[in-house]
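# Per-entry structural report
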Amino acid sequence: MSRKRTALALGMAAAGVLSVASATATATAVPRPVAGSTTVTPAGHSFQAALSGKATLKAGAVTVTCTVSVTTGAVPAAPGNQNPAGPVSSPITPPTYSSCTASLPGVTPTVTTSGAWSVSMQYGSPVTATMTVPAGGLVLQTSGLANCTVTAAPSGPANVSGTWANGAPPSLTFTNATVPVTVTGGFGCPTSATTSTFNAVYKITDTTDPAQQITVGP
């Protein structure tokens, strides 16, 4: 067979393989599941989320640990507390963080928050929770032997994934959740870090009626 015919045959064979692969991929593609319904109760009730244990924010080799963190919000009034095909979202106050320490000796961290924060709940197994941090909504600064500034969500709002557990009290948990960051500063600052990991568990209290529990259902 001539070189020209051989090349033509190989090209047709390759095209055939690509066609089969494409057809197979199309045939076996699985559509994304449609989000189910979500209902958060009691409708219109205010709540407080208080840190249980400690919260950690790790960027590069630097870890900041805080033992006090609080935020407040409210379940949307009916019918906004129900969504037949997706999550229910609530605005929350910027969480406060205090009693913080750094993994670097001789370094004192300070965390400030601002902007429009929110949390949304999607019923499922487990119930998923998403906390939205506004652009630049959390800034961590260290002073002492290392002067660093860590800015969360530097380019726009960022979603932090967690889980919700109904109970008495219910809890909101973030486990190694990824948060985009930028880091500036001098010696000892993790300036190459572009993400941070966040760990925290919050216990939720119904502040409108402490005898009731905020509950996420279908």
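Residues numbered from 1 in each chain as written. Predicted model: local features only at pLDDT ≥ 70, side-chain atom pairs only at ≥ 80, totals over all residues. Heavy atoms only, no water.

Once that is clear, we can look at the overall build of the chain. A count of helices and strands for the chain gives 1 helix and 16 strands. Evaluated residue by residue, the chain yields a buried proportion of 37% over its 218 residues. In the chain, the proportion of contacts linking residues at least 24 apart, taken out of those at least 6 apart, comes to 67%. On the chain, roughly 11500 Å² of surface is accessible, and the fraction owed to carbon and sulfur atoms is 61%. (Helix = DSSP H or I, 4+ residues; strand = E, 2+ residues; numbered from the N terminus. Buried < 20%, exposed > 50% of the residue type's maximum accessible area, 1.4 Å probe, protein only. Contact = heavy atoms within 4.5 Å. Areas by Shrake-Rupley, 256 points an atom, 1.4 Å probe, with all protein chains shown as cover.)

Strand pairing within a sheet occurs via backbone hydrogen bonds; the two strands may be parallel or antiparallel. With antiparallel pairing, 3 strands are arranged side by side in an open sheet as β5-β1-β16. The open sheet is flanked by β5 (82-83) and β16 (215-217), the only strands paired with a single partner. Relative to β16, strand β1 (residues 38-41) is paired through 3 bridges, and the arrangement is antiparallel. Along β16, the bridge assignment pairs T41 with T215. (Pairing = 2+ DSSP bridges.)

Further remarks concern the state of the cysteines. As used in these notes, a disulfide is a covalent bond between sulfur atoms, one from each of two cysteines. Applying the stated criterion to the full structure yields 2 disulfides. Between the sulfur atoms of C66 and its disulfide partner C100 the distance amounts to 2.0 Å. Across the S-S bond of C66 and C100 the torsion is about 105 degrees, and the bridge reads as right-handed. One end of the pair, C66, is in strand β4 (residues 62-74); the other, C100, is in strand β7 (residues 96-102), and 34 residues separate them in sequence. With relative accessibility at 5%, the residue C66 sits in the buried group. C100 sits in the buried class, given a relative accessible area of 15%. Across a sulfur-sulfur distance of 2.0 Å, C148 and C189 are joined as a disulfide pair. (Disulfide = S-S within 2.5 Å.)

A few words on the environment of Q82. Summarising the element assignment, Q82 is placed in strand β5. Judged by relative accessible area, which is 47%, Q82 ranks as partly exposed. Ignoring sequence-local partners within four residues, the contact set of Q82 consists of T38, T39 and V88.

Fair warning: the whole summary comes from geometry, so function is off the table for now.
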